[in-house]
Each structure stands twice: as structure tokens, then as C-alpha cells.
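Overview (structure and organization)
The lines below spell out each chain.
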Amino acid sequence: MIARRLCIATLGLGLLVAGSHGRVAAFPIDGDQTALPPKTELNEDALDKPREVFKSEFAGGKSYLVNLGNLAFSSPSILGEVARQAGMSCGTCHVNGAGNAKFFMPKMSTRPGNFDTTGPLFNPKANNFVLDPVRIPSLRGARTLAPYGVDGRMPSLRDFVHNVIVNEFSGPEPSPAILDAIVAYIQDIDFLPNPSLGPGGHLVGKASESERRGEALFAKPFPHDPGLSCAGCHVPSGAFTDHQQHDVGSGGLFKTPTLRNADFNAPYFHDGRFDSYDQVVAHFDRIFDLGLSAQDRRDLVAYLTAVGDGELPYETDGAGAALKEVNEFANVLATAIPAGDKDVVALAVDTIGHELRELTERYPDRKNTSVAGGDQERSQARMALKEVVLTLRRIDMAVAEGRTGDASADYKNYRYLMAAAVPALLAGAEPWSLFNPAVHDQHYGALRQVMQSKHASP
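Residues numbered from 1 in each chain as written. Predicted model: local features only at pLDDT ≥ 70, side-chain atom pairs only at ≥ 80, totals over all residues. Heavy atoms only, no water.

Along the backbone of the protein there are 16 helices and 8 strands. Its C-alpha radius of gyration of 23 Å places the protein within 12% of the 23 Å reference for a compact globule of 458 residues. Dimensions of the protein, computed from C-alpha atoms along their principal axes, come out at roughly 70 × 55 × 50 Å. Counting every position in the protein, which comprises 458 residues, the buried fraction comes to 52%. Looking at the protein alone, contacts between residues at least 24 apart form 64% of all its contacts between residues at least 6 apart. As displayed, the protein offers around 20,000 Å² of accessible surface, 56% of which is attributable to carbon and sulfur atoms. In the protein, 44 positive and 54 negative side-chain charges are present, and the distance between their average locations comes to 3 Å. (Helix = DSSP H or I, 4+ residues; strand = E, 2+ residues; numbered from the N terminus. Rg over C-alpha atoms; globule rule 2.2 N^0.38 Å. Buried < 20%, exposed > 50% of the residue type's maximum accessible area, 1.4 Å probe, protein only. Contact = heavy atoms within 4.5 Å. Areas by Shrake-Rupley, 256 points an atom, 1.4 Å probe, with all protein chains shown as cover. Lys, Arg positive; Asp, Glu negative; His and termini not counted. Charge placed at Lys NZ, Arg CZ, Asp CG, Glu CD.)

Core analysis: the largest hydrophobic core is formed by 76 residues, its most contacted members being Ile352 and Tyr414. In terms of residue count, helix α11 (residues 319–339) provides more of this core than any other element does, 10 residues in total. Residues contacting Tyr414, with those up to four places away along its chain left out, are Val326, Asn327, Ala330, Ile352, Val388, Thr391, Leu392 and Ile395. By size, the runner-up hydrophobic cluster in this structure holds 24 residues, among which are Leu259, Tyr268, Phe274 and Leu300. (Core = buried A, V, L, I, M, F, W, Y, C linked by side-chain atoms within 4.5 Å.)

Here Asn163 is to be found in helix α5 (residues 157–168). Of note is the side chain of Asn163, whose polar atom sits 2.7 Å from the side chain of Asn167. Ignoring sequence-local partners within four residues, the contact set of Asn163 consists of Arg153, Met154 and Glu168. (Polar contact = N/O pair within 3.5 Å; in protein donor to acceptor, adjacent residues only side chain to side chain.)

Further remarks concern the packing of helix α13 (residues 375–400) against helix α15 (residues 421–429). Running from N to C, α13 and α15 point in directions that differ by 150°, and their axes come no closer than 8 Å. Here α13 lies roughly antiparallel to α15, going by the angle between them. Where α13 crosses over α15, the handedness of that crossing is left-handed. Facing α13, whose interface residues are Glu377, Arg378, Gln380, Ala381, Ala384, Leu385 and Val388, α15 presents Val422, Leu425, Leu426, Gly428 and Ala429. Grouping the amino acids of the contact of α13 with α15 by side-chain chemistry returns 8 nonpolar, 2 polar and 2 charged. (Axes fitted to C-alpha atoms, helices over the stretch in contact; angles between N-to-C directions. Parallel < 35°, antiparallel > 145°, perpendicular 65-115°, else oblique. Left-handed = near helix turned anticlockwise from the far one by under 90°. Nonpolar A, V, L, I, M, F, W, Y, C, P; charged D, E, K, R; others polar.)

Now for unusual backbone geometry. The linkage connecting Ala146 with the following residue, Pro147, adopts the cis geometry, with an omega of 0°. Inspection of the secondary structure puts Pro147 in the loop between β4 (134–135) and α5. The omega torsion across Ala266 and Pro267 is 5°, close enough to zero to call that bond cis. A positive phi is found at Phe240, a non-glycine position, where the angle reads about 60°. As for its placement among the helices and strands, Phe240 is situated in the loop between α8 (230–233) and β6 (245–246). Classification of Phe240 as buried rests on a relative accessible area of 1%.

Take the environment of His246 next. Looking at where His246 falls in the secondary structure, it is placed in strand β6. Between the C-alpha atoms of His246 and Arg273, which are 27 residues apart in sequence, the distance is 17 Å. With sequence-adjacent residues up to four places away left out, His246 is seen in contact with Cys233, Gly252, Leu253, Phe254 and Thr256.

As a further point, take the packing of aromatic side chains. What the rule picks out here adds up to 16 aromatic pairs. Here Phe122 and Phe169 contribute two aromatic rings whose centre-to-centre distance is 4.8 Å and whose plane-to-plane angle is 50°, an arrangement assigned as tilted. Linking Phe122 in the loop between β3 (114–115) and β4 with Phe169 in the loop between α5 and α6 (176–188), this pair joins segments that are 47 residues apart in sequence. Like Phe169, Phe122 is buried. Taking 5.1 Å as the distance between ring centres and 20° as the angle between the ring planes, the aromatic pair formed by Tyr268 and Tyr277 counts as stacked. For Tyr277, a relative accessible area of 11% translates into the label buried. (Phe/Tyr/Trp six-rings, centres within 6.5 Å; stacked < 30°, edge-to-face > 60°.)

Right, let's get into the pattern of salt bridges. Considering all chains together, one arrives at 20 salt bridges under this definition. Between Arg273 and Asp271 there is a salt bridge; the shortest N-O distance is 2.9 Å. Across the pair Asp317 and Arg362 runs a salt bridge, and its minimum N-O distance is 3.6 Å. Here Asp317, found in the loop between β8 (314–316) and α11, pairs with Arg362, found in the loop between α12 (342–360) and α13; they are 45 residues apart in sequence, far enough to count as distant. Residue class for Asp317 comes out buried when judged on its relative accessible area of 10%. (Salt bridge = Lys/Arg side-chain N within 4 Å of Asp/Glu carboxyl O.)

With that settled, the discussion passes to α6. A rise of 1.5 Å per residue sets the reference length of α6, with its 13 residues, at 18 Å; its end C-alpha atoms lie 18 Å apart and thus fit the reference within 8%. Taken together, the buried positions of α6 are Ile178, Leu179, Ala181, Ile182, Val183, Ala184, Tyr185, Ile186 and Asp188. (Expected span 1.5 Å × (residues − 1).)

Applying the stated criterion to the full structure yields 0 disulfides. The thiol of Cys93 is not disulfide-bonded; the next cysteine sulfur, from Cys90, is found 8.4 Å away. Overall, Cys93 belongs to the buried group, its relative accessible area being 7%. Free cysteine Cys230: the closest other cysteine sulfur is in Cys233, separated by 8.5 Å. (Disulfide = S-S within 2.5 Å.)

Here it is, written out as C-alpha cells:
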């Protein structure tokens, strides 16, 4: 979202700025129209995104409270002025509830995947004048992972969320209803299923010999302190954590992280200093003098990889996935409009409209010379999305003026458009959209050349 605005403002191309997950280098933010440091990387352009699994989906569907929390979590409006201007939300760092391993902000990060929550940019009053970034964590299974924060300083998830909004990002005091909703949403995010793990966190099924040896090593007492073991802190039966803080030679007391789905949670340690399990195992071998052989290290890595796995960790981003999320956001309007809840309607319209405008930019207009063909299809897709945004604005105005009947009629029309016309038009234009990998790469290749030329000029 930020990068897309910058591309329009800085280069005048009307293009979306970024790169793609696993294909080309992600495109950094640059230009004078951003509140963020130049060359910030948010990885908003990835063609693949983490899959989000909800506990409630297996128990009858999401509640109004969870959908409202998801909406607020995705809204820049709940954060402070700098974040709002940049278009950042909680979901910028926690993409679909997972960590954003490619997030990088100069002067606030020391490497991709970490961020200084006590730096000067978002809330100068919280600045501790030390660059001490922490790893951006996944929120999967957070309801089982108290206490919160890398140092485990907060026993309450509600207090932790409040601190992030008000202190770390200088946001306005959230209403109790919004705070409760965000907590409900986070608590609903589940771990990805891992068929390799059985009851009590033990390996089951067709585990390899190396994985089995690694499991035994994981539970083995340390040679120089029989009271310690890997499993003593990463308790298999307790989501692979003991909910305690320990000093493991990384610079202080930090909370034991879960190993569930950890294959997708790199970088590792509280500050994200390690990129791989190999590096983590080598650190523990050195600090605790474990005397591991090369085979022992490989076995432990094999075991950690088995424990940290999860089914279908990524899903391809596309119009269908974007519309599904928008429709879930819009579900709150079905309750908020009849209730005349002006604040929730305003939040929903602002957030959904923002998402739809972002989706519009995935279908480049005719001025974009890097995309050939499909002019009519792209134009129709863009016009349909703009019409939906206008419909949402009418809903907001009607509720603000107490005309809930008119708002309900517009909401009915909105649902019709989003169920029939819009999906068909977006699907028809998809071959020429930025959801097409070939178009995506050609588009960003051209933009990258423009940016390189800009920086090369005196």
C-alpha cells in the first residue's frame, strides 16, 4: 500500500511498487512522499502469502467479534499519525497472522524480520535511544503462548495489544470493544496442522531415523547440567514452550518461543540474529558445551524441521483471496448498520475502501506501458471496484446521518456487486493483472530500471 502510493507520487507511473515472494527481490520504498525511511521494505507485493487458519472455522464459523478484530487489525486508523500516513497496520508486520520475515526499516531494523519497538519514528516519547530491535513474531497459537513480548513482560494479551497500539505506535486510546475484538481475532488464529506431531507433541507416522534420533537428543539432559535439556524448556506437550524466561547466552532473559510452525518463523532468537536451525543448534552446542557431533547436529535440525512443519503454509495471492478477506470485513456491516453504530461503520468503510483501492492497483490502467493487452478488461475491473468504493461511502454517509434504511439498501447492493459482477470482471482481467507472475515480473522489472536510473543520475 505504501509502496504503491510512492510509485504514483514519486515516479508518476500509476504503478504498484514491490517484488514477489520467492521470485525476484522485493522492491523497497523510496521517494519523498513517505513518512518511512527510504528503502523500507514491507513485502506487501508477495505473490504468495502465509495461510491463516482459524480455530472458529472448525466450530461453526467466525463471530462478529473476530471479524471486527480482523478489520481493526488491518486498519491503519487505529495507530498513530506516522503509521496512518504510511498506510501501516498491525497486518503489515503480521501478515495473515504470521511474522513478516522480509520487513526491513532502516534505522529501526538491523536485518530483515526485526524491528525496534522503542525507536523514535512512531512514538518519540517511547524512544530509549538504543537500537535494540526484536524479531517480528508469528501470532499463530498466541492464545496458548502467554506471557507476551519477547521478554515475557506482560501476562495479558489484552494489555500487550493495548501497549502496542498506544505506546509503540502512538495510536489513540482504543475503545474497549475494539480492543476486545482484536484480542478475540488474535486468539482465534491457530497453528497450521502438522500431521507429524501426535498427542503430547511426539513424532508420529513415517518419521525418518534422523528425526527419531533428533527427538531423543532433544530430550537428553545436558552433559554439564543434567537439570537442563531442550525439551525441558520447549515442552513438547505444552506447544513446545514452558512459558518461562531464560538466559541462553543471547544477552538477557527472554521468553521460550514455541517450535510449532517454526519452519516459517525465521529469523530466530529474540532479535532475529540466526537465519537457520543449523545456526541455532550450533549456538546451543557452543554455549552449553553439549559436545554434539556433526551427525548429532544434523539429527537435531531434522527433528526441529519435523516439529516446525505445517500443512499448506502459503497460499497464492489473487483476486479471490483478496475478495474473501474483504467480504469477511464487510460482514460486520450487517450488524453495525441496523444498530446505527457509526464508529464501526466508519472503521469498516475506511478499511474496506482502502483494501479495494489497493486491489484496483493490481489491475494497471491503460497508461501503464509495461502491460500489453486486456485494456478493456482491466478498465472494467477498475471501474467495478471504484463503484463498490463509492457504494461504501454512501453507506457511511447514510449511517452518519441516521438514515439506516438507506444504508441497508446500499449494503444490499454492495453485497450483490461483490457476489456477482465484481468477481467475474476481476477474473476476466486477471491474465493482465499483477497476479499473473509474468506480468508481475515484467512490470517490476521496468519499474526497477526507472528507479536505478533515478538513483544513478546526479
